[in-house]
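# Commentary on secondary and tertiary structure
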Amino acid sequence: MIWGGIVLIFLILFFAMLLGGVNTARKNEFFMDYCSPENTSRVNAIFSFLIFFSHVTGYIDLTGDINTIYFDFRNFVGQGVVVTYLFYSGYGMMESIKRKGMDYIKSMPFNRFFKLWYHFAIVIAVYVIAGIAVGRKFKLVNVLLSLTGYKSVGNSNWYLFATFALYIIVFVSFMIFRNKKYLAVISVFVLTMIFMVWERSMDLPPRFYNTVLCLPTGMLFSLLKPYVEKIITKNDIVWFTVFSSLLLVTAYFALNSKTGLNYYLYMLTLVILIVVATMKINIKSSVLDWFGAHIFSFFILQRLPMIILQSLGFNKQPYMFVMLSFFATVFLSLVFDECMDKLDSIIFKKKKGAVSVK
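I will try to describe carefully the structure that is included in this document. (Residues numbered from 1 in each chain as written. Predicted model: local features only at pLDDT ≥ 70, side-chain atom pairs only at ≥ 80, totals over all residues. Heavy atoms only, no water.)

Take the environment of G313 next. Take G313: it is sitting in the loop between helix 14 (303–311) and helix 15 (318–347). Note on G313: relative accessible area 24%, which makes it partly exposed. Once the C-alpha coordinates of G313 and T40 are considered, the two residues, 273 residues apart in sequence, prove to be 37 Å apart. (Helix = DSSP H or I, 4+ residues; strand = E, 2+ residues; numbered from the N terminus. Buried < 20%, exposed > 50% of the residue type's maximum accessible area, 1.4 Å probe, protein only.)

Structure, rendered in structure tokens:
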């Protein structure tokens, strides 16, 4: 019961910290850099904290009625903690395609897919070693499938499985339609829905597919952004009307999300609501900047210290368990990213005349 209060204290302190960096645009003015890499990484960083709390509660025993406050909040948000990851990823890819054209698409297999995969493969190796060290046993087939994200060796896996598939879908769509961007994005939507149907047919958990449409939605938003901004940023009244309407629609789908379709729509309206909110509300925080810069490592490595600490019995001391898990993940993220930066500088060394893709 005490620990339930501590969970809420952590969340209250976290959001209180954010409030100190909140800025609102002046009357009839808007933050037109709301989709800049800096701002999107801060938004993602906020959700990375919520993901951490969601994961850590799976390793400790939470009892007492007060915990229902946190769990009700977690259940309400649900998979919404990753929607901005996917949306901004799709938006960022489309922006790069608009600037660099087919050069960007042709570079995707190596500069995006392989780069993400080999980082992920190294993480899998670390999880396997740590798992064996604490007495876990792994089947070879599961280890091999974990390299695709289809299976897990203790790590978070479904998001990477979806991301790899979405990268392939984007690559194939634009290789077919090339500079016909709208047709290519429509193809991304169609192939993503086919992918969702396949995942359901394989009886994969809903988390594997109930947010993936956010990525093509981000791509479409990139194409429609000038038209959307022309309408929404006309004045505060228009913005508030759109925002409040989206809020009501999102709440409706959230409260009626037992069916698959309503849940998909909840995820889509939620991410659009967040994007519209950032047109008027901006958060600046050096803490968020740091976590935004280490978003992948903090996300993918956080279960590692949890597994080790659980094996050592620290999960019986929830407060200590959470604190150690958090700071251990921060340390691992620093070390991992430092090592990956050095490896990347060797593997992705620029060739004379080559196109740089970030």
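Okay, the side chain of Q79 next. With respect to the helices and strands, Q79 occurs in the loop between helix 3 (67–77) and helix 4 (83–100). Filtering out sequence-adjacent residues up to four positions away, Q79 remains in contact with W158, R207, N210, T211, Y263 and M267. (Contact = heavy atoms within 4.5 Å.)

Orientation of helix 9 (residues 214–232) relative to helix 11 (residues 260–278), taken along the N-to-C sense of each, is 45°, at an axis distance of 12 Å. Considered as vectors, helix 9 and helix 11 are oriented oblique to each other. Between helix 9 and helix 11 lies a crossing of right-handed hand. Along the contact surface, helix 9 presents C214, T217, F221 and I232, while helix 11 presents M267, L268, V271, V275 and V276. A breakdown of the residues in the contact of helix 9 with helix 11 according to their chemical character gives 8 nonpolar, 1 polar and no charged. (Axes fitted to C-alpha atoms, helices over the stretch in contact; angles between N-to-C directions. Parallel < 35°, antiparallel > 145°, perpendicular 65-115°, else oblique. Left-handed = near helix turned anticlockwise from the far one by under 90°. Nonpolar A, V, L, I, M, F, W, Y, C, P; charged D, E, K, R; others polar.)

The next thing to look at is the packing of aromatic side chains. One pass over the structure, following the stated rule, counts 38 aromatic pairs. Ring plane angle 50° and centroid distance 6.3 Å describe the contact between Y91 and F221, whose orientation is recorded as tilted. Residue Y91 is found in helix 4, and its partner F221 is found in helix 9; the two are separated by 130 residues along the sequence. With relative accessibility at 8%, the residue Y91 sits in the buried group. Its relative accessible area of 13% is what places F221 among the buried residues. Among the aromatic residues, those joined into a ring-pair cluster are F49, F52, F53, W290, F291, F298, F326 and F327. Lying over the aromatic face of F348, K115 brings its terminal NZ or CZ to 5.5 Å of the ring centre. The side chain of K280 reaches across the aromatic face of F30, ending 4.5 Å from its centre. (Phe/Tyr/Trp six-rings, centres within 6.5 Å; stacked < 30°, edge-to-face > 60°. Lys NZ or Arg CZ within 6 Å of the ring centre and 35° of its normal.)

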